[in-house]
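Residue-level structure breakdown
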Amino acid sequence: MSRIVIIGGTGLIGSKVVRRLNAHGHDAVAASPNSGVNTLTGEGLAEALRGASTVLDVSNSPSFADDDVMAFFTTATENIVVAAKDAGVAHYVALSVVGAQRMTDSGYMRAKVAQERLIASSGIPYSIVHATQFFEFVKSIADTATTGDEVRLPHAQIRPMAADDVATAVARFTAHEPTGSVVEIAGPEQFGLDDLVRTGLEFRGDARTVVADADATYFGEKLTEDLLLPGPGAIIFDTRFGDWLKSNPEQRR
Ligand SMILES: NC(=O)c1ccc[n+]([C@@H]2O[C@H](COP(=O)([O-])OP(=O)(O)OC[C@H]3O[C@@H](n4cnc5c(N)ncnc54)[C@H](OP(=O)(O)O)[C@@H]3O)[C@@H](O)[C@H]2O)c1
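Residues numbered from 1 in each chain as written. Predicted model: local features only at pLDDT ≥ 70, side-chain atom pairs only at ≥ 80, totals over all residues. Heavy atoms only, no water.

A closer look at the packing of helix H1 (residues 12-23) against helix H6 (residues 163-175)
Interhelical geometry of H1 versus H6 gives an angle of 55° and a closest axis separation of 8 Å. Viewed along their axes, H1 and H6 adopt a mutual orientation that is oblique. Here the hand of the crossing between H1 and H6 comes out right-handed. Contacts from Leu-12, Ile-13, Lys-16, Val-17, Arg-20 and Leu-21 of H1 reach H6 at Ala-163, Asp-164, Val-166, Ala-167, Thr-168, Val-170, Ala-171, Thr-174 and Ala-175. (Axes fitted to C-alpha atoms, helices over the stretch in contact; angles between N-to-C directions. Helix = DSSP H or I, 4+ residues; strand = E, 2+ residues; numbered from the N terminus. Parallel < 35°, antiparallel > 145°, perpendicular 65-115°, else oblique. Left-handed = near helix turned anticlockwise from the far one by under 90°. Contact = heavy atoms within 4.5 Å.)

What follows is the structure, given as structure tokens:
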């Protein structure tokens, strides 16, 4: 049985993907600083990839500052490509963000696009999955848009999804043949970004007021109405935000 190495396999998505792949009989192992594998320094990377057929990167940068996040995704990806080629890895899978290529004012999205380009030009057969925003990320969106007791966000449309559904999709693509392309995945419902965050905060009993503001930016990007939306070919998953909130009582404070 060939090994699948999940870079960032201890994270939100990574830990779910490791569980799903192993439950389906694969030999999936998490690789991250917690298990002695650091893609930035290269520490432990060659050893981790030895004998692997597939590498999945679902890591994330500890800092979202423009320069830090660009340095993280470019350095890490360059190191993974070198180690993966040395190990004879036959499939490189990565998770990115729906619309990243359109959000050129966002340092985070520019870094994700740089990561994708390095993978696509590496010569290693690849699959790139573009997901919409995770339900689990709604509070972070609110936090980054907060001044005092006010959260200012545009009414741009968003089609968020549950991390469980993201992990299911990513596990499937990881276990599949390389697509050599970008595949989009999304949730079943469309919201205004301000409405989504308002619903999430109300459920948590969070007293902050969400104000619709067309000039407010999202991770440095001024959003147009459909910038965050996937295209017509996206694979749509089932979990609805209201059901997810009810089944995640820890979302209540
Ligand atoms: N949030 C969203 O709505 C959204 C939407 C679409 C796509 N995405 C993408 O989804 C991916 C996964 O996000 P997530 O929320 O699951 O991430 P997360 O929970 O923050 O986990 C980050 C992972 O990265 C690992 N990591 C950090 N520094 C590393 C290094 N130097 N070397 C190797 N691993 C390192 C961490 O390892 P330790 O545990 O050892 O520190 C952890 O396993 C990201 O690439 C993000 O761009 C996110």
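Here we look at the sheet that holds strand E5 (residues 126-131)
Picture the strands of a sheet paired through backbone hydrogen bonds; they go either parallel or antiparallel. Strand order in the open sheet formed by seven strands is E2-E1-E3-E4-E5-E9-E14, and the pairing between neighbours is parallel. The sheet is open, and its two edges are formed by strand E2 (27-31) and strand E14 (235-236), each paired on a single side. Where strand E1 (residues 3-7) and E2 come together, five bridges link them in parallel fashion. Along E2, the bridge assignment pairs Val-5 with Val-29. Sitting on the sheet, H1 is in contact with E1, E2, strand E3 (52-57) and strand E4 (91-97), with an inclination near 160° to E2. (Pairing = 2+ DSSP bridges.)

A closer look at the environment of Asp-66
With respect to the helices, strands and loops of the structure, Asp-66 is situated in helix H3 (residues 66-87). The exposure class assigned to Asp-66 is partly exposed, which follows from its relative accessible area of 41%. Separated by 41 residues in the primary sequence, Asp-66 and Gly-107 have C-alpha atoms spaced 4.6 Å apart. When near neighbours in sequence (up to four residues on either side) are disregarded, Asp-66 contacts Gly-107 and Arg-110. (Buried < 20%, exposed > 50% of the residue type's maximum accessible area, 1.4 Å probe, protein only.)

Points about the pattern of salt bridges
On inspection of all chains with the given rule, the structure shows 13 salt bridges. Notably, a salt bridge pairs Asp-143 with Arg-208, separated by 2.9 Å at the nearest N-O pair. In this pair, Asp-143 sits in helix H5 (residues 138-144) while Arg-208 sits in the loop between helix H7 (193-204) and strand E11 (209-212), placing the two residues 65 residues apart along the sequence. Assessed through its relative accessible area of 17%, Arg-208 is described here as buried. Taken together, the shared-partner salt bridges in this structure form one network comprising Lys-139, Asp-143, Asp-206 and Arg-208. (Salt bridge = Lys/Arg side-chain N within 4 Å of Asp/Glu carboxyl O.)

Focus: the packing of H3 against helix H4 (residues 107-120)
Between H3 and H4, the shortest axis-to-axis distance is 8 Å and the interhelical angle comes to 15°. Judged by the angle between their axes, H3 and H4 are roughly parallel. Considering how the two elements wind past one another, H3 and H4 form a crossing that is right-handed. Where H3 approaches H4, its residues Asp-66, Val-69, Met-70, Phe-73, Thr-74, Thr-77, Glu-78 and Val-81 are matched on the opposing element by Gly-107, Tyr-108, Arg-110, Ala-111, Lys-112, Ala-114, Gln-115, Leu-118 and Ile-119. Among the residues making up the contact of H3 with H4, the classes are represented as nine nonpolar, four polar and four charged. (Nonpolar A, V, L, I, M, F, W, Y, C, P; charged D, E, K, R; others polar.)

Here we look at the nonpolar core
In terms of nonpolar packing, the biggest core is built from 34 residues, with Val-151, Leu-193, Val-197, Leu-223 and Phe-241 touching the most fellow members. Those elements that place two or more of their residues in this core are H3, H4, H5, strand E7 (150-153), H7 and helix H8 (241-246). Looking at this core element by element, the count peaks at five residues for H7. Setting aside residues up to four positions removed in sequence, Val-197 forms contacts with Val-138, Ile-141, Ala-142, Val-151, Leu-153 and Val-210. Residues Ile-13, Val-129, Ala-167 and Ile-185 belong to the second largest nonpolar core, which totals 25 residues. (Core = buried A, V, L, I, M, F, W, Y, C linked by side-chain atoms within 4.5 Å.)

Description of the site of the ligand
As a structural note, the neighbourhood of the ligand is formed by 26 residues, with Thr-10, Leu-12, Ser-32, Ser-59 and Tyr-108 the closest of them. Here an oxygen atom of the ligand sits 2.9 Å away from a polar atom, N or O, in the main chain of Phe-134. In isolation the ligand exposes 940 Å². Once the protein is present, 84% of that is buried. Elements with a minimum of two residues in the shell around the ligand: H1, E4 and H4. (Near = heavy atom within 4 Å. Polar contact = N/O pair within 3.5 Å; in protein donor to acceptor, adjacent residues only side chain to side chain. Areas by Shrake-Rupley, 256 points an atom, 1.4 Å probe, with all protein chains shown as cover.)

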